Amino acid sequence: MKIYVYPRQRQGKYDNGYINDFCASLEEAGAEVVGAPARNPLLSVFRQGRRADCYVFHWIENVPGYKYGLLQSVAAWVLVWGARVRGRKVVWFMHNRRPHSGRRRVLCGALMRMMAAASDLIVTHSREGIGVIAERYPHRLHKAVFLDHPTKNRLSGESKGERRYDILIWGTISPYKNVDRFVSYAARKMARRRILVIGGCGDEALFDRVNACASDNIRVERRPVSFEELGGLVSDSRYVVVPYASDTLLSSGTLMDSLSFGARVIGPDTGSFADYLPEKRITVKTYDTYADIERILSLPDPEYDPAAYSDFLEEKSWSSFAKRFVSLVGKIR
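Remember, predicted model here, so these are calculated numbers, not experimental data.

### Looking at the pairing of strand E9 (residues 218-221)
At step 1: Relative to E9, strand E8 (residues 195-198) runs parallel, the two being bridged by four bridges. Note that in E9 the partner of Leu-196 across the bridge is Arg-219.
At step 2: A crossover links E8 with its parallel partner E9, the connecting element being helix H7 (residues 204-211), and its sense is right-handed.

### Here we look at the packing of helix H6 (residues 179-189) against H7
At step 1: Direction vectors running N to C along H6 and H7 enclose 20 degrees, while the axes themselves pass 8 Å from each other. The orientation of H6 relative to H7 falls into the category roughly parallel. Between H6 and H7 lies a crossing of left-handed hand. Contacts from Val-179, Asp-180 and Val-183 in H6 reach Leu-206, Arg-209 and Val-210 in H7.
At step 2: Taken together, the residues that form the contact of H6 with H7 break down as four nonpolar, no polar and two charged.

### Points about the packing of aromatic side chains
At step 1: One pass over the structure, following the stated rule, counts 20 aromatic pairs.
At step 2: An angle of 50 degrees between the planes, with centres 5.3 Å apart, marks the rings of Tyr-304 and Tyr-309 as tilted.
At step 3: Here the aromatic cluster, defined as three or more aromatic residues joined through ring pairs, consists of Tyr-18, Phe-22, Trp-59, Phe-93, Trp-318, Phe-321 and Phe-325.
At step 4: Across the ring face of Phe-207, the terminal group of Arg-222 is positioned such that the distance to the ring centre comes to 4.5 Å.

### Notes on the environment of Phe-146
At step 1: For Phe-146, the position within the fold is in strand E6 (residues 144-146).
At step 2: Between the C-alpha atom of Phe-146 and that of Ile-130, which follows or precedes it by 16 residues, the distance is 6.9 Å.
At step 3: Not counting residues up to four positions away in its chain, the partners in contact with Phe-146 are Thr-124, His-125, Ser-126, Arg-127, Ile-130, Asp-275 and Arg-324.

### Topic: the sheet that holds E6
At step 1: A sheet is described by the order of its strands in space; here six strands give the open sequence E2-E1-E3-E4-E5-E6, paired in parallel fashion. At either margin of the open sheet sits one strand with a lone partner, and together these are strand E2 (32-33) and E6.
At step 2: Relative to strand E3 (residues 54-58), strand E1 (residues 2-6) is paired through four bridges, and the arrangement is parallel. Looking at E3, one finds that Ile-3 is bridged to Cys-54.
At step 3: Against the sheet, helix H5 (residues 127-136) touches strand E5 (121-124) and E6, its axis set at about 165 degrees to E6.

### With respect to the sheet that holds strand E12 (residues 284-287)
At step 1: Ordered in space as E9-E8-E7-E10-E11-E12, the six strands form an open sheet in which the pairing is parallel. Lying at the two open borders of the sheet, with one neighbouring strand each, are E9 and E12. The mean inter-strand angle of the sheet, taken between neighbouring strand axes irrespective of direction, is 25 degrees.
At step 2: Across four bridges, strand E11 (residues 265-268) lies against E12 in parallel orientation. Across the sheet, the residue bridging to Gly-267 is Thr-286, located in E12.

### Brief notes about the pairing of strand E10 (residues 237-241)
At step 1: Counting buried positions over the five residues of E10 gives five, a clear majority of the element.
At step 2: Summarising the sheet, strand E7 (residues 165-170) and E10 pair through three bridges and their orientation is parallel. Looking at E10, one finds that Leu-168 is bridged to Val-240.
At step 3: Of the strand pairs in this sheet, E10 and E11 are connected by two bridges, and their pairing is parallel.

### Observations concerning the environment of Gly-131
At step 1: As for its placement among the helices and strands, Gly-131 is situated in helix H5.
At step 2: On the basis of relative accessible area, Gly-131 is assigned to the partly exposed category, the value being 38%.

### Quick look at the nonpolar core
At step 1: In terms of nonpolar packing, the biggest core is built from 30 residues, with Phe-57, Ile-60, Val-80, Trp-92, Met-94 and Met-115 touching the most fellow members.
At step 2: Counting only elements with at least two residues in this core, the list comes to E1, helix H2 (41-48), E3, helix H3 (69-85), strand E4 (89-93), helix H4 (105-118) and H5.
At step 3: Among the elements that make up this core, the one with the highest residue count is H4 (six residues).
At step 4: The residues contacting Val-80, other than those within four sequence positions of it, are Phe-57, Ile-60, Val-90, Met-114, Met-115 and Ala-118.
At step 5: Listed in part, the 27 residues of the second largest apolar core include Trp-170, Leu-230, Tyr-244 and Leu-249.

Conventions adopted
- Throughout, a residue's number is its position along its own chain's written sequence, starting from 1.
- Restriction of local features to residues with pLDDT of at least 70 applies here, the model being predicted, together with a cutoff of 80 or more for giving and counting side-chain atom pairs; totals for whole chains, interfaces and linings are based on all residues.
- Side-chain metrics in this entry use all non-hydrogen atoms of the structure; hydrogen atoms and water are not considered.
- We call two strands paired when DSSP finds no fewer than two bridges between them.
- Each helix is a run of H or I in the DSSP string that is no shorter than four residues. Each strand is a run of E no shorter than two, and both are numbered from the N terminus.
- Whether a crossover is right-handed depends on one test, that the path from the first strand over the helix to the second runs clockwise when the strands point away from the viewer.
- Note on geometry: axes are lines fitted to C-alpha atoms, helical ones only across the stretch in contact, with angles between N-to-C directions running from 0 to 180 degrees.
- By the definition adopted for this analysis, an angle is roughly parallel if under 35 degrees, roughly antiparallel if over 145, roughly perpendicular if from 65 to 115, and oblique otherwise.
- In this scheme, a crossing is called left-handed if the near helix is turned counterclockwise away from the far one by less than a right angle; it is called right-handed if the turn is clockwise.
- Contacts are assigned to residue pairs with any non-hydrogen atoms lying within 4.5 Å of each other.
- The residue classification treats Ala, Val, Leu, Ile, Met, Phe, Trp, Tyr, Cys and Pro as nonpolar and Asp, Glu, Lys and Arg as charged. All others, Gly included, are polar.
- Whether two aromatic rings pair depends on their centres lying within 6.5 Å, for rings of Phe, Tyr and Trp, where Trp uses its six-membered ring; planes under 30 degrees apart make the pair stacked, over 60 edge-to-face, and the rest tilted.
- The criterion is that NZ of a Lys, or CZ of an Arg, lies within 6 Å of the ring centre and within 35 degrees of the ring normal, and then a charge sits over that ring.
- Classification of residues uses two cut-offs on accessible area relative to the type maximum, computed with a 1.4 Å probe and protein chains only: under 20% is buried, over 50% is exposed, and between them is partly exposed.
- Within this scheme, the nonpolar core is defined by two criteria: the residues are buried Ala, Val, Leu, Ile, Met, Phe, Trp, Tyr or Cys, and they are joined through side-chain atoms within 4.5 Å.

Here's what the structure looks like:
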């Protein structure tokens, strides 16, 4: 089976670890991923994707918000329906309710409806995503499937003693992640909590709002964090907090990467966070308001069981995911 995966960007500033792991796991599962990473992944599908039996699209609904987004949206329309006319299989991964950016929201919604109509298979990493599909695209619900967001087992086996931080917030600081709102709240209402915010930020005004809340208890570092360093930061923190806006969120790579290091995680009561709230092998807590986070922090930390975490992570591995996914694609007629 030959599969073309969108978007495969050339490695660099916008390297996507999820896509890299996705392609590698498909190869391990026996599929052939055709085409090479490209500067413009959408246009490269026309040039490199001709040999593919199946086209897999991630985040294609974001296209209208890109540079030349209107033209690229037309290209996406032609590409997807052209694949259907040629008898190719089309798979759409619905990662979010809608794009995190509010730019050209109407056109983004139209592209999502197009993908729902054209896809042979719709994959969501959240059970809540199935409900969204049932509400928006009920005639395509029979094409939808829930597959857990895959992750890795990065547990070090080291014991976790005294923590330096109560809260770790990591990853690129973007508007939809609400980091500025949370640290503003924490500066006023959680003054005794030790908080580390670490991540790159390309928005000067946004970073200024976050950095304005820095204090003896709130430390802000504007730089990317490697996975090697992240493991140590997780071990040094009681909880990883994910303060994202819940109106767009379904699944979260930050959640799964944090769990891969054995983190206890607090996130909004939606999507994957709600999925894993009852999961006994790991610790995922959810909040409706920021006051709930303080309430959770005031309680004794749940016991950390590395064997239980490892069992969960192996069950949600990329290898397991790819085998299930390739099997589902192979059953499309």
